[in-house]
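Close look at the chain arrangement
Spelled out, the chains give:
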Amino acid sequence: KFKKMKRNLLFLLMTFLLTIGSINLKAQSFDITYGTGDAAYTLTYTPIDGTTCSVKCTKGNGPSAPTEITIPQTINNGTSTYTVTTIPDSGFDGASTALNGSEDNFTKLVLPNSIISIGEYAFYGWAGLTELHLGTSVNTTILNIAKNAFNEPSNITSIYCYYTTPPTTNISSS
C-alpha cells in the first residue's frame, strides 16, 4: 500500500513538473515615460527573449516634445535587464499621433550600439529629423536597416555611423 501511494505521488509530481515546464512564461511589454509635463513621451519595450527587447514610441503627454531622442542601450524592468536591439516595423511611425502632432520637433536621433535591426517605416514621416547617430561609439555589430525605415525625413543633413562594418540596407526603387 505504501509503495502504491509513493508511486502515485511520484506520478503526480512528474505530471506537475511537466505541466510547469510547458507553460510559456514570456515577459510582458512595459512602458517607461521620459520627461515631464508637455514634454513627456512614453517608449514601450517588448522583451524578445530573456535578455533583449525591442522599443517603440506609444504616446506623449503634450505638444512640447523634446528635440532629441536617445534610445538607451539597456533598460531595467524590476529585476530584469534587457539590451535594446530592435526597432520594429513602424516602431516610431505614428509618433505624430503618439506625441500629439509634435514629431517635427525631433531634430536629433541617437541609437545605441546595441540596435542591430531597424524595421520598415520605423521613423516614417519624421520631417524635422536632421541628425542621425547610428551607435555612440565604435561597434562591430552589423546593423540591418529595412527599406523605407527613414522614409520622408528628407531634411537629414548629418548621419554619424560608428559601425566598423557599414550597415546593410534594403533599398527599394519605390
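Residues numbered from 1 in each chain as written. Predicted model: local features only at pLDDT ≥ 70, side-chain atom pairs only at ≥ 80, totals over all residues. Heavy atoms only, no water.

Among the secondary structure elements, T85 is positioned in strand β6 (residues 80-87). According to the relative accessible area criterion, T85 is buried, its value standing at 10%. One polar contact links T85 to T86, side chain to side chain, over a distance of 3.2 Å. Setting aside anything within four residues of it in sequence, one finds T85 in contact with I48, T52, C53, S114, I115, I116 and S117. (Helix = DSSP H or I, 4+ residues; strand = E, 2+ residues; numbered from the N terminus. Buried < 20%, exposed > 50% of the residue type's maximum accessible area, 1.4 Å probe, protein only. Polar contact = N/O pair within 3.5 Å; in protein donor to acceptor, adjacent residues only side chain to side chain. Contact = heavy atoms within 4.5 Å.)

Glancing now at the packing of aromatic side chains. For any pair of aromatic rings, geometry is given as the distance between the ring centres together with the angle between the planes. Per the stated rule, a full pass over the model turns up four aromatic pairs. Taken together, a centroid distance of 5.7 Å and an interplanar angle of 25 degrees make the contact between F30 and Y45 stacked. Taken together, the positions of F30 in strand β1 (residues 30-34) and Y45 in strand β2 (residues 41-47) put the pair 15 residues apart, joining distant regions of the chain. Across the pair, Y45 and F30 agree in class, each one buried. Look at F92 and F123: their rings are 5.0 Å apart centre to centre, the planes differ by 25 degrees, and that puts the pair in the stacked class. Taken as a pair, F92 in the loop between β6 and α2 (95-98) and F123 in the loop between β8 (117-118) and β9 (131-139) lie far apart in primary sequence, 31 residues in all. One aromatic cluster in this structure is built from F30, Y45 and Y82. (Phe/Tyr/Trp six-rings, centres within 6.5 Å; stacked < 30°, edge-to-face > 60°.)

Looking now at the nonpolar core. With 30 residues, the main nonpolar core has I87, F92, L111, I118, F123 and F150 as its most contacted residues. Elements supplying a minimum of two residues to this core: β2, β3 (52-60), β6, β7 (108-111) and β9. Beyond its immediate stretch of four places on either side in the chain, I87 contacts V55, F92, L111, I115, S117, I118, G119, A122 and F123. (Core = buried A, V, L, I, M, F, W, Y, C linked by side-chain atoms within 4.5 Å.)

This part takes up the pattern of salt bridges. Here the structure, examined in full by the defined rule, presents two salt bridges. With a closest N to O distance of 3.7 Å, E68 and K108 form a salt bridge. In this pair, E68 is assigned in strand β4 (residues 68-70) and K108 in strand β7, connecting sequence segments 40 residues apart. On the accessibility criterion, E68 (35% relative accessible area) is partly exposed. Close ionic contact of K108 with E131 constitutes a salt bridge, the shortest N to O distance being 3.9 Å. A residue pair is termed long-range when its members are at least 10 positions apart, and K108 in strand β7 and E131 in strand β9 qualify at 23 residues. Salt bridges linked by common partners bring E68, K108 and E131 together as one network. (Salt bridge = Lys/Arg side-chain N within 4 Å of Asp/Glu carboxyl O.)

Leave glycine aside and you will find that most residues have negative phi; peptide bonds, for their part, are mostly trans. Positioned with a positive phi, Y121 is a non-glycine residue whose angle comes to about 55 degrees. Along the chain, Y121 turns up in the loop between β8 and β9. Its identity as a non-glycine residue notwithstanding, N148 has a phi of 65 degrees, on the positive side. Here N148 is to be found in the loop between β10 (144-145) and β11 (158-163).

Of the pairings in the sheet, the one linking strand β5 (residues 74-77) to β6 comprises four bridges and is antiparallel in character. Among the inter-strand pairings, N76 is bridged to a residue of β6, identified as T81. Between β5 and β6, which pair antiparallel and follow one another directly, the connecting turn spans two residues, one of which, G78, has a positive phi of 65 degrees. (Pairing = 2+ DSSP bridges.)

So, on to the environment of D31. Here D31 lies in strand β1. With 11 residues separating them along the chain, D31 and T42 place their C-alpha atoms 6.4 Å apart. Contacts of D31, omitting those with residues within four sequence positions, involve T42, L43, T44 and T58. Of note is the side chain of D31, whose polar atom sits 2.6 Å from the side chain of T44.

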